[in-house]
Amino acid sequence: MYSRHLLPVRRDRLQPVIRTLSEPSVAGTDTKAWATAPRQPISATVIIPTHNLGEHLIKLLTQLEGTQLGGCEVIIVDDGSTDDTWSKISTWTGLQVPTLLKRFENNRGVAAVRNWAVNVARGAYIWLIDADDEWPSDALTTLLNAAERTHADIILGQAVRLIVSSGRETPVPAPRGGLLLSHSDLVRSFLKGDIQGHLWSKLFRRSLFNNETFPELRSKSDACGVAHLIRKASVGYTISSQIYRYRFHSGSIATQHPNCLDLLHVLESVHRTFGLEPTDELFFRIFHVRAFAIPVLCEIWRAGTEDPNTRLVERICTGLLTWNSTLSLLKAGERRLAIFSIAYRVCPHLLRRIYITSHQHEWQ
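Residues numbered from 1 in each chain as written. Predicted model: local features only at pLDDT ≥ 70, side-chain atom pairs only at ≥ 80, totals over all residues. Heavy atoms only, no water.

**Observations regarding the overall build of the protein chain**
For step 1, the next point in the chain: Secondary structure summary: the protein chain contains 13 helices and 10 strands in total.
For step 2, the next point in the chain: Residue burial in the protein chain is summarised as follows: out of 364 residues, 54% are buried.
For step 3, the next point in the chain: Put simply, of all contacts in the protein chain between residues at least 6 apart along the chain, 79% involve residues at least 24 apart.
For step 4, the next point in the chain: About 16600 Å² of surface is accessible on the protein chain, with carbon and sulfur atoms providing 52% of the total. (Helix = DSSP H or I, 4+ residues; strand = E, 2+ residues; numbered from the N terminus. Buried < 20%, exposed > 50% of the residue type's maximum accessible area, 1.4 Å probe, protein only. Contact = heavy atoms within 4.5 Å. Areas by Shrake-Rupley, 256 points an atom, 1.4 Å probe, with all protein chains shown as cover.)

**What about the packing of helix H9 (residues 281-303) against helix H10 (residues 310-320)?**
For step 1, the next point in the chain: The N-to-C vectors of H9 and H10 enclose an angle of 140°; their axes lie 10 Å apart at closest approach. It follows from the interaxial angle that H9 and H10 lie oblique. Judged by the twist between their axes, the crossing of H9 over H10 is left-handed. Facing H9, whose interface residues are His288, Val289, Phe292, Ala293, Val296, Leu297 and Ile300, H10 presents Thr310, Val313, Glu314, Ile316, Cys317 and Leu320. (Axes fitted to C-alpha atoms, helices over the stretch in contact; angles between N-to-C directions. Parallel < 35°, antiparallel > 145°, perpendicular 65-115°, else oblique. Left-handed = near helix turned anticlockwise from the far one by under 90°.)

**Concerning a nonpolar patch on the surface**
For step 1, the next point in the chain: Residues Trp323, Ile342 and Val346 make up a contiguous nonpolar surface patch of about 290 Å² in total accessible area.
For step 2, the next point in the chain: For tryptophan 323, the location among the structural elements is in helix H11 (residues 323-331).
For step 3, the next point in the chain: According to the relative accessible area criterion, tryptophan 323 is partly exposed, its value standing at 46%. (Patch = residues over 30% accessible without salt bridge, like charges linked within 9 Å, V, L, I, M, F, W, Y side chains within 5 Å. Salt bridge = Lys/Arg side-chain N within 4 Å of Asp/Glu carboxyl O.)

**Overview of the packing of helix H6 (residues 183-192) against H9**
For step 1, the next point in the chain: Between H6 and H9, the least distance of the axes is 7 Å, while the angle of their chain directions is 35°. Here Arg188, Phe190, Leu191 and Lys192 of H6 come into contact with H9, specifically with Phe283, Phe284, Ile286, Phe287 and Arg290.
For step 2, the next point in the chain: Looking at side-chain class alone, the contact of H6 with H9 contains 6 nonpolar, no polar and 3 charged residues. (Nonpolar A, V, L, I, M, F, W, Y, C, P; charged D, E, K, R; others polar.)

**Some thoughts on the pattern of salt bridges**
For step 1, the next point in the chain: Considering all chains together, one arrives at 12 salt bridges under this definition.
For step 2, the next point in the chain: Measuring nitrogen to oxygen at the nearest pair gives 3.2 Å for the salt bridge that ties arginine 114 to aspartate 130. Of the two residues, arginine 114 sits in helix H4 (residues 110-120) while aspartate 130 sits in the loop between strand E5 (125-128) and helix H5 (139-150), which places them 16 residues apart along the sequence.
For step 3, the next point in the chain: Overall, the relative accessible area of 7% leaves arginine 114 in the buried class.
For step 4, the next point in the chain: The salt bridge involving arginine 245 is made with glutamate 169; its shortest N-O contact spans 2.7 Å. With arginine 245 in strand E10 (residues 235-248) and glutamate 169 in strand E7 (residues 168-171), this pair connects stretches of sequence that are 76 residues apart.
For step 5, the next point in the chain: A single network of salt bridges, built from pairs that share partners, joins Lys59, Glu134, Glu169, Arg245 and Arg247.

**Observations concerning the environment of arginine 315**
For step 1, the next point in the chain: Mapped onto the fold, arginine 315 is located in helix H10.
For step 2, the next point in the chain: On the accessibility criterion, arginine 315 (57% relative accessible area) is exposed.
For step 3, the next point in the chain: Taking the C-alpha atoms as reference, arginine 315 lies 9.9 Å from alanine 293; in sequence the two are 22 residues apart.

**Structural notes on the side chain of glutamate 277**
For step 1, the next point in the chain: Structurally, glutamate 277 is set in the loop between helix H8 (260-274) and H9.
For step 2, the next point in the chain: Of the side chains with opposite charge, arginine 231 comes closest to the buried, unpaired glutamate 277, at an N-O distance of 6.7 Å.
For step 3, the next point in the chain: Looking at glutamate 277, its side chain comes within polar contact range of the side chain of histidine 183, at 2.8 Å.
For step 4, the next point in the chain: Ignoring anything within four residues of it in the chain, the contact list for glutamate 277 reads His183 and Val187. (Lys, Arg positive; Asp, Glu negative; His and termini not counted. Polar contact = N/O pair within 3.5 Å; in protein donor to acceptor, adjacent residues only side chain to side chain.)

**Notes on the environment of threonine 170**
For step 1, the next point in the chain: Within the secondary structure, threonine 170 sits in strand E7.
For step 2, the next point in the chain: Taking the C-alpha atoms as reference, threonine 170 lies 9.9 Å from tyrosine 246; in sequence the two are 76 residues apart.
For step 3, the next point in the chain: Apart from residues no more than four positions distant in its own chain, threonine 170 is found in contact with Val160 and Arg161.

**What about the confidence of the model for the protein chain?**
For step 1, the next point in the chain: Within the protein chain, residue pLDDT values average 84, and 84% of them lie at 70 or more.
For step 2, the next point in the chain: This stretch, residues 1-29, has a pLDDT under 50; its non-local contacts, to residues over four places away or in other chains, come to 102 contacts. (pLDDT = per-residue confidence, 0-100.)

**A look at unusual backbone geometry**
For step 1, the next point in the chain: Despite not being glycine, asparagine 52 shows a phi value in the positive range, around 45°.
For step 2, the next point in the chain: Structurally, asparagine 52 is set in the loop between strand E2 (44-50) and helix H2 (56-65).

**Remarks on the packing of aromatic side chains**
For step 1, the next point in the chain: Counted according to the given criterion, the structure contains 11 aromatic pairs.
For step 2, the next point in the chain: A ring pair is formed by phenylalanine 204 and phenylalanine 209, whose centres lie 6.0 Å apart and whose planes are at 90°; its orientation type is edge-to-face. Summarising the burial analysis for this pair, phenylalanine 204 and phenylalanine 209 share the class buried.
For step 3, the next point in the chain: Through a chain of ring-to-ring contacts, the aromatic side chains of Trp127, Trp135, Trp200, Tyr244 and Tyr246 assemble into a single cluster.
For step 4, the next point in the chain: Stacked on the ring of phenylalanine 104, the Lys or Arg arginine 108 has its end atom at 4.0 Å from the ring centre.
For step 5, the next point in the chain: The side chain of arginine 114 reaches across the aromatic face of phenylalanine 214, ending 6.0 Å from its centre. (Phe/Tyr/Trp six-rings, centres within 6.5 Å; stacked < 30°, edge-to-face > 60°. Lys NZ or Arg CZ within 6 Å of the ring centre and 35° of its normal.)

**Notes on the pairing of strand E4 (residues 99-104)**
For step 1, the next point in the chain: The buried fraction of E4 amounts to 6 of the 6 residues, a majority that puts the element mostly inside the structure.
For step 2, the next point in the chain: Both faces of E4 are covered, namely the face carrying Thr99, Leu101 and Arg103 and the face carrying Leu100, Lys102 and Phe104.
For step 3, the next point in the chain: Bridge count between strand E3 (residues 73-79) and E4: 6 bridges; the pairing is parallel. Bridge assignment links isoleucine 75 to a residue of E4, and that residue is leucine 100. (Pairing = 2+ DSSP bridges.)

Put into structure tokens, the structure is as follows:
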């Protein structure tokens, strides 16, 4: 969630929990009090955006109280909730580590919240998680231990995707554990899809961020942010431990219908970010299909209606799913992507029906 001002506190009575109560501006006195509060060096900052948490609120607070957070700090931002999320969080005193609570009166979107929180974070590393998901109590400790051993800029953990409606769990694609990745390895892995655009399974060095790491899109800003962070990273390290369970349910951002132009922004952003990298064009072709053409077409099919941009973006997808592109995918061993490309070229209406039938239960 996201909150506001810090209460004025006497230095000799400073409590571990510092909370905000109003928001005259992002650069208000609350951030000054937070920045100047006496503290020891902070290993990591945990950032949690929230909005209308409802039944997930108690679970979030309970999880945080059970999470190993020694040497870390927590920033929770309430992004203009219209339910009782803020009133309950603002009276919560469950953590024994520095905790900043901030409230935005008007909903700004998760990208704006993350950018704001990163700018006031004081930890050496940043862990960005979602309020309605699950993680082991030692998840952050596991990530930080790997960072201390390797001094990597990005630590990548394993995660699973839980379909709440069916209870089915599937692994989130990630490189196998125990790998030290160079900058070029990180770029290729991102384009190929071994590293996905999710934030919650990764720990990032704070110096990789800038003031606007996440573009203010309705969706997919995290993928653009991960691309930016990888571009600035020199070394990455993968761990074999499962450190996150992403809960996919009817209220998840991923179940909402993103503007197709948001997905087009991701495509443009990735080319701008990695266009000058000495990377084989084949990896970009894989990215075109995996991270753009397939998600765009699936979103169009799921929405069931056309917005003014649908036909334009669909034509771009068709231009990317060529026979030459399909042959490249087969040569690269990307059989699943190649099969989708062939099916789309040969019988798009049947492919659409199969997709809707097989995924309908996930949107309920």
